[in-house]
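# Observations on the model geometry
Each chain, written out:
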Amino acid sequence: MAAAAVYLPRVIAPAVARRSSIAPALIAAPCRSSIGTPSAHCLAGNLCRFSSTAPSPPPVVEIDGRSYSTDTWFNTPTNVLAAASRRLHLQEDHPIAITRQIIESRFPSAEFRSVNSLHPVVTTFQNFDSLGFPPDHPGRARSDTYYVNKDTLLRTHTSAHELETFRANASPGFLLSADVYRRDEVDRTHYPVFHQMEGARVWDRRTQADEKGDLTATILRDLAALPEHGVAVEDPNPPFHDGTNPRQVPQHAASEVEAMGRHLKRSLELMVVEVFSRAKKAKQLAVAAVGTEAETVAADEPLRMRWVEAFFPFTSPSWELEVLYEGDWLEVLGCGITKQPILDAAGVPSQMAWAFGIGLDRIAMLLFKITDIRLFWSTDERFLSQFRGVSADLDKLRLFVPFSKYPACYKDVSFWLDGGDGVAGTVHNNDVMEVIRSVAGDTVEDVQLTDTFTHPKTGRQSLCYRINYRSLEKTLTNAVTNRLHSDVKDMLVRRLGVEIR
Ligand code: DAH
């Protein structure tokens with residue numbers, strides 16, 4: 001999964017044993033355009049066949065009520081464009097919105113302003129440059145990110161709005177929730193659209209520092225005002241260290257970084273304790289109703305959290321918070337002390353800040369025990385009705401009760417990468433995923449690369465993918481699945497230029 005090295009992982013997976021795939025991100029030979037020189041698309045990390053044979057993009061696209069002109073960088077499918085106006089994080093009684101509300105409830109609203117309606121289309125400057133991502137950062141590749149045109153994309157994270165929100169300088173803190181977009185695998189924990197919350201808290205030297213210009217005393221006073229949570233937290237890390245997690249010199253004094261790190265960690269621990277206590281209560285209620293003795297014991301397990309060091313281009317020092325969940329350490333959020341050049345560029349050089357980012361979908365999946373991320377996009381009453389009234393009264397939160405599981409239908413597709421013309425082709429795993437999703441939509445539960453093969457004599461390379469067709473809403477007939485699978489094969493040929501075996 002290419003995205004793992006780029007961002008905080010968004011998969012519900014143990015922090016240590018991440019899912020390994022036999023799929024390298026870019027499969028097979030280096031990309032060549034038809035005249036034999038590398039094309040711009042190839043240099044941008046995409047595959048030449050896909051780019052050259054895909055239907056030409058519409059000159060103008062409408063995204064959530066605004067029009068944008070496209071160019072050869074455009075790579076956003078219709079289903080993703082359509083999702084941009086859904087705003088699940090603002091839909092009353094939707095699990096994503098409920099999760100947002102629970103997190104917001106732990107930050108004092110007088111200090112933390114909510115910013116929840118920002119448009120999903122941003123510039124490459126907002127998404128990457130303003131945060132210090134280097135020009136060759138893999139997150140910028142067309143294989144990983146949905147572009148509208150060369151300079152415009154669907155935000156890949158809520159951090160894209162940090163600079164403008166610091167610049168607005170409307171409150172000491174903010175909580176910013178939004179839909180975010182990434183090209184990725186197809187399975188029960190990945191969807192091309194998901195949701196994040198960005199949070200930050202600033203202090204200002206002009207009004208809050210001591211006579212030497214130091215903020216430590218003020219931050220420590222604010223720390224003392226935070227409640228205790230009484231949960232044991234493992235934190236073996238020094239407040240910062242020169243090796244891989246340095247403080248920013250000369251701007252930040254050691255005592256300021258230490259105090260701010262403590263304020264940041266306590267604030268986020270309080271929030272995570274709130275979320276997981278609610279998850280535990282919902283689980284206990286469900287177990288009390290129908291559970292076994294073993295489940296009762298498991299539901300009573302005490303919460304455990306730990307801090308680990310991390311790296312993000314826009315914070316230093318940086319950390320991740322992990323929670324022990326059903327025997328595995330899960331990464332819950334990333335955070336750190338905001339890089340001073342971001343605040344300088346925002347026109348508030350006298351401020352110092354901490355920031356964090358958290359994925360709402362993965363938290364909602366844990367809170368409600370929802371095991372398939374596609375459900376969030378369902379308009380089926382059997383799903384939506386289960387959360388009615390919870391936005392107005394968070395104590396009404398209950399685990400999701402799956403309404404039925406329809407049969408899985410596995411089908412394989414194998415293809416030669418060279419398309420039969422002898423010109424070695426390349427295929428990005430994310431492009432295969434997207435072609436399949438663009439044909440079969442939410443009836444695909446999971447796609448796995450199951451085999452790669454190089455012909456011993458001809459050197460031709462082939463891939464085999466296993467697609468699991470399973471609707472969330474009904475049993476698929478054989479005729480329907482066969483038709484979908486045949487359409488998927490046709491589209492793989494048309495869009496990727498491969499030859500079906
Ligand atoms: N933007 C990061 C991601 O998508 C998450 C993140 C990490 C946000 C650290 C932050 C931060 O504000 O300080 O993975």
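Per an unreviewed UniProt entry, the chain carries the name phenylalanine--tRNA ligase and comes from Sporothrix epigloea. Checking UniProt for the chain, the heading Catalytic activity (unreviewed entry) contains the comment "tRNA(Phe) + L-phenylalanine + ATP = L-phenylalanyl-tRNA(Phe) + AMP + diphosphate + H(+)". Taken directly from UniProt, the Sequence similarities (unreviewed entry) text for the chain runs: "Belongs to the class-II aminoacyl-tRNA synthetase family."

## Thoughts on the overall build of the chain
Summing up its helical and strand segments, the chain has 15 helices and 19 strands in all. For a compact globule of 501 residues, the expected C-alpha radius of gyration is about 23 Å, and the chain comes in at 24 Å, within 12% of that figure. Counting all 501 residues of the chain, 55% fall into the buried class. When contacts within the chain are restricted to residue pairs at least 6 apart in sequence, long-range pairs at least 24 apart make up 72% of them. Here the chain displays about 21200 Å² of accessible surface, and carbon together with sulfur accounts for 53% of that area. Taking the average place of the 55 positive charges on the side chains of the chain and the average place of its 61 negative ones, the gap between the two points comes to 4 Å.

## Thoughts on the pairing of strand 12 (residues 315-325)
Of all 11 residues in strand 12, 10 are buried; the element is thus mostly enclosed. Where strand 11 (residues 305-309) meets strand 12, 5 bridges bridge the pair, whose relative direction is antiparallel. Paired with Glu 309 across the strands is Trp 319, a residue of strand 12. Counting the residues between successive antiparallel strands, the hairpin from strand 11 to strand 12 contains 5 residues. Where strand 12 lies against strand 13 (residues 328-338), 9 bridges are found, and the strand directions are antiparallel. Bridge pairing links Leu 321 to Leu 333 in strand 13. Counted along the chain from strand 12 to the antiparallel partner strand 13, the turn is 2 residues long, and its residue Glu 326 has a positive phi close to 45°.

## A word on the UniProt feature "domain: Aminoacyl-transfer RNA synthetases class-II family profile" (unreviewed entry) in the chain
Annotation from UniProt places "domain: Aminoacyl-transfer RNA synthetases class-II family profile" (unreviewed entry) at residues 178-402. Here residues 178-402 is 34% helix and 24% strand, with 27 Å between the C-alpha atoms at its ends.

## What about the UniProt feature "domain: FDX-ACB" (unreviewed entry) in the chain?
If you check UniProt for "domain: FDX-ACB" (unreviewed entry), the listed places come out as residues 404-501 in our numbering. Secondary structure content for residues 404-501 is 32% helix and 34% strand, and the end C-alpha separation is 36 Å.

## Comments concerning the confidence of the model for the chain
In the predicted model, the chain carries a mean pLDDT of 90, and 90% of its residues have values of at least 70. Ignoring residues within four places in sequence, the model shows residues 16-53, a span with pLDDT below 50, making 85 contacts including any to other chains.

## Details of the sheet that holds strand 6 (residues 147-149)
Ordered in space as 5-7-6, the 3 strands form an open sheet in which the pairing is antiparallel. At either margin of the open sheet sits one strand with a lone partner, and together these are strand 5 (121-123) and strand 6. Across the sheet, the axes of successive neighbouring strands diverge by a mean angle of 35°, strand direction being ignored. In this structure, strand 5 lies alongside strand 7 (residues 152-154), joined through 3 bridges in antiparallel fashion. Bridge assignment links Val 121 to a residue of strand 7, and that residue is Leu 154.

## Some details on the environment of Arg 398
With respect to the secondary-structure elements, Arg 398 resides in the loop between helix 13 (381-384) and strand 15 (409-416). Classification of Arg 398 by relative accessible area gives partly exposed; the value is 43%. Sequence spacing of Arg 398 and Phe 387 is 11 residues, and the spatial spacing of their C-alpha atoms is 7.8 Å. Leave out the neighbours within four places in its chain, and Arg 398 touches Ala 282, Leu 285 and Phe 368. In this structure the side chain of Arg 398 is engaged in a polar contact, spanning 3.3 Å, whose partner is the backbone oxygen of Asp 395.

## Regarding the site of the ligand
Around the ligand sit 17 residues, and of these Leu 8, His 157, Ser 159, Arg 182 and Glu 198 come closest. With respect to the ligand, the side chain of Ser 159 contributes an N or O atom lying 2.8 Å from a nitrogen atom. At 3.0 Å, a side-chain N or O of Arg 182 approaches an oxygen atom of the ligand. Protein contacts shield 99% of the accessible area of the ligand, which totals 360 Å² for the unbound molecule.

## Notes on the sheet that holds strand 19 (residues 499-500)
Pairing within the open sheet is antiparallel, and its 4 strands lie in the order 17-18-15-19. Across the chains shown, the open sheet's two edge strands, defined by having one partner strand only, are strand 17 (444-454) and strand 19. Sheet topology note: the strand 17/strand 18 (residues 461-469) ladder contains 9 bridges and is antiparallel. Within the sheet, the bridge partner assigned to Thr 452 lies in strand 18 and is Leu 463.

## Description of the packing of aromatic side chains
One pair of aromatic rings is described through two measures. These are the centre distance and the angle between the planes. Throughout the structure, instances matching the rule amount to 18 aromatic pairs. Between Phe 383 and Phe 387, the ring centres sit 5.0 Å apart and the planes meet at 65°, which makes this aromatic pair edge-to-face. Each member of the pair, Phe 383 as well as Phe 387, is classed as buried. Between Phe 400 and Phe 403 the ring centres are 6.2 Å apart and the planes differ by 90°, which places this aromatic pair in the edge-to-face class.

What counts, and where the lines are drawn
Residues numbered from 1 in each chain as written. Predicted model: local features only at pLDDT ≥ 70, side-chain atom pairs only at ≥ 80, totals over all residues. Heavy atoms only, no water. UniProt positions renumbered as here; feature names shortened; annotations may be inferred. Helix = DSSP H or I, 4+ residues; strand = E, 2+ residues; numbered from the N terminus. Rg over C-alpha atoms; globule rule 2.2 N^0.38 Å. Buried < 20%, exposed > 50% of the residue type's maximum accessible area, 1.4 Å probe, protein only. Contact = heavy atoms within 4.5 Å. Areas by Shrake-Rupley, 256 points an atom, 1.4 Å probe, with all protein chains shown as cover. Lys, Arg positive; Asp, Glu negative; His and termini not counted. Charge placed at Lys NZ, Arg CZ, Asp CG, Glu CD. Pairing = 2+ DSSP bridges. pLDDT = per-residue confidence, 0-100. Axes fitted to C-alpha atoms, helices over the stretch in contact; angles between N-to-C directions. Polar contact = N/O pair within 3.5 Å; in protein donor to acceptor, adjacent residues only side chain to side chain. Near = heavy atom within 4 Å. Phe/Tyr/Trp six-rings, centres within 6.5 Å; stacked < 30°, edge-to-face > 60°.

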